[in-house]
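Chain by chain, the residues:
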Amino acid sequence: MNRKAIALIMALILCVGALCACGEGWVEPVEEDTGDIILSGSKWDGKVAITITLHPDGTLTSEANGTVTEGTWEKGTGDVAIVFHAYVKEDLLDFEVYDDGNQYTCVYHPVPDFSITGAKPGAEAVTESPSEAPVEAPAEQPAAPAEEVKPAPKTGDLVLEFTAEINSQLATTFWITPETVSESLEGYTPEDSEDVLFSWLNAGNKNFMDFFKNGTYEYRFTMMEITERGTWKYEGGVITITTESGREMSTTVSE
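All figures in this text were calculated on a predicted structure; none of them were measured in a lab.

Trainee: Break down the environment of P153 for me, citing the residues and quoting the values.
Mentor: As for its placement among the helices and strands, P153 is situated in the loop between β8 (115–119) and β9 (158–163). Through-space distance from the C-alpha of P153 to that of W175 is 6.2 Å; in sequence the pair is 22 residues apart. When sequence neighbours within four positions are dropped, the list of residues in contact with P153 reads V159 and W175.

Trainee: Break down the sheet that holds strand β14 (residues 226–235) for me, with residues and values.
Mentor: A sheet is described by the order of its strands in space; here six strands give the open sequence β11-β12-β13-β14-β15-β16, paired in antiparallel fashion. The open sheet has two free edges, formed respectively by β11 (196–199) and β16 (248–252), since each of these has just one partner strand. Strand-to-strand, the axes of this sheet are offset by a mean angle of 25°, without reference to chain direction. Note that β14 and strand β15 (residues 238–242) share five bridges and pair antiparallel. Across the sheet, residue Y234 finds its bridge partner in β15, namely I239. Across the face of the sheet, helix α2 (residues 178–185) comes into contact with β11, β14 and β15 while running at roughly 170° to β11.

Trainee: With reference to specific residues and values, describe unusual backbone geometry.
Mentor: The general pattern is negative phi for most residues beyond glycine and trans for most peptide bonds. Not every positive phi belongs to a glycine, and N65 is a case in point at roughly 55°. Inspection of the secondary structure puts N65 in the loop between β3 (59–64) and β4 (67–75). Overall, the relative accessible area of 12% leaves N65 in the buried class. The backbone of K89 sits at a positive phi, close to 60°, despite the residue not being glycine. For K89, the location among the structural elements is in the loop between β5 (80–88) and β6 (91–99).

Trainee: Go over the pairing of β15 with me, naming the residues and quoting the values.
Mentor: By the criterion of burial, β15 is predominantly enclosed, with four of the five residues buried. Counted along the chain from β14 to the antiparallel partner β15, the turn is two residues long, and its residue G236 has a positive phi close to 60°. Pairing geometry for β15 and β16, over five bridges, is antiparallel. Each bridged residue has a counterpart across the sheet, and for T242 the counterpart in β16 is E248. Connecting the antiparallel pair β15 and β16 is a turn made up of five residues, with G246 showing a positive phi of about 95°.

Trainee: Which residues make up the packing of aromatic side chains, and what values do they have?
Mentor: Scanning all chains against the criterion turns up 13 aromatic pairs. Each ring, one from F84 and one from F95, has its centre 4.9 Å from the other, and the planes form 15°; the classification is stacked. Taken together, the residues span a long stretch of sequence, with F84 in strand β5 and F95 in strand β6 at a distance of 11 residues. Here F162 and Y219 contribute two aromatic rings whose centre-to-centre distance is 4.6 Å and whose plane-to-plane angle is 45°, an arrangement assigned as tilted. Highlighted residues: F162 in strand β9 and Y219 in strand β13 (residues 216–221), separated in sequence by 57 residues. For Y219, a relative accessible area of 0% translates into the label buried. Three or more aromatic residues joined by ring pairs make a cluster, and in this case those are Y188, F198, W200, F211 and W232.

Trainee: Explain α2 to me, using residue names and the numbers behind them.
Mentor: Every α-helical turn comprises 3.6 residues, leaving residues that sit three or four positions apart pointing alike. Looking at α2, one finds that the buried residues are V181, S184 and L185. With its buried residues spanning 85° around the axis, α2 presents them on a single face. In α2, the exposed residues that point more than 90 degrees away from the buried face are E179 and E183. Of the surrounding secondary structure, the elements contacted by the buried residues of α2 are β9, β10 (171–176), β11, β14 and β15. Immediately downstream of α2, the backbone of G187 shows phi near 70°, a positive value.

Trainee: Requested: an account of the pairing of strand β1 (residues 37–43), with residues and values cited.
Mentor: On a regular strand, one side chain projects to one face of the sheet and the next to the other, so that they alternate. Relative to strand β2 (residues 48–54), β1 is paired through seven bridges, and the arrangement is antiparallel. Across the sheet, S42 pairs through a bridge with A49, a residue of β2. The loop that links β1 with its antiparallel partner β2 comprises four residues; one of these, W44, has a positive phi angle of about 55°.

Cut-offs used in this document
- Residues numbered from 1 in each chain as written.
- Predicted model: local features only at pLDDT ≥ 70, side-chain atom pairs only at ≥ 80, totals over all residues.
- Heavy atoms only, no water.
- Helix = DSSP H or I, 4+ residues; strand = E, 2+ residues; numbered from the N terminus.
- Contact = heavy atoms within 4.5 Å.
- Pairing = 2+ DSSP bridges.
- Axes fitted to C-alpha atoms, helices over the stretch in contact; angles between N-to-C directions.
- Buried < 20%, exposed > 50% of the residue type's maximum accessible area, 1.4 Å probe, protein only.
- Phe/Tyr/Trp six-rings, centres within 6.5 Å; stacked < 30°, edge-to-face > 60°.
- Arc of directions from axis to C-beta.

Here is the structure:
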């Protein structure tokens, strides 16, 4: 056998060996399932609390102040790591998530100056303390549906212009008939009771105010699950309420 034939046979043997080795050791790559990605944050002593859970199948679960909705997400491009689509009230909004190194960060734009964060798979998230309630920082704004016909104070009604402690933009108008006040205050003396003495009227179904027999009041903004308490008094024909911080608002019952 000549030298050329021997070289050809050796080359064939080496090729067959290489193919066999590849067939035995090669494993088809599988895309890694890193599990859920959770973005969360709270503000104003927990009065605003958001948790977004991104599932590996491209769906998400959004929990905003106890309200749970569904949405979707996909990988972003460029500086944007993730884009997700979640409902806020009845609107489907888009949110961009950025990769900050050890964690993901998303500006939750329906609430000004508020971000939610989440740990990247295999990394520990950087946590922040919940923000204190700012004096002037606006919260998510209530917006009454345009098609609703709202009641309004009638001529002669007592009107109380009220602004919530938590946010100066949560301002609303309460009113009540003088007859209701007169009947409730006739012979009234404060007593240790949480019974409602009378309730104020308001347009829509989001703002409520009750006066209790013990001289306290309760304001509720149901859209954001906000509740505030203070005191009230009746002197010289004037009803005055005092908030927890000492701010006063009043209305005249009689001249």
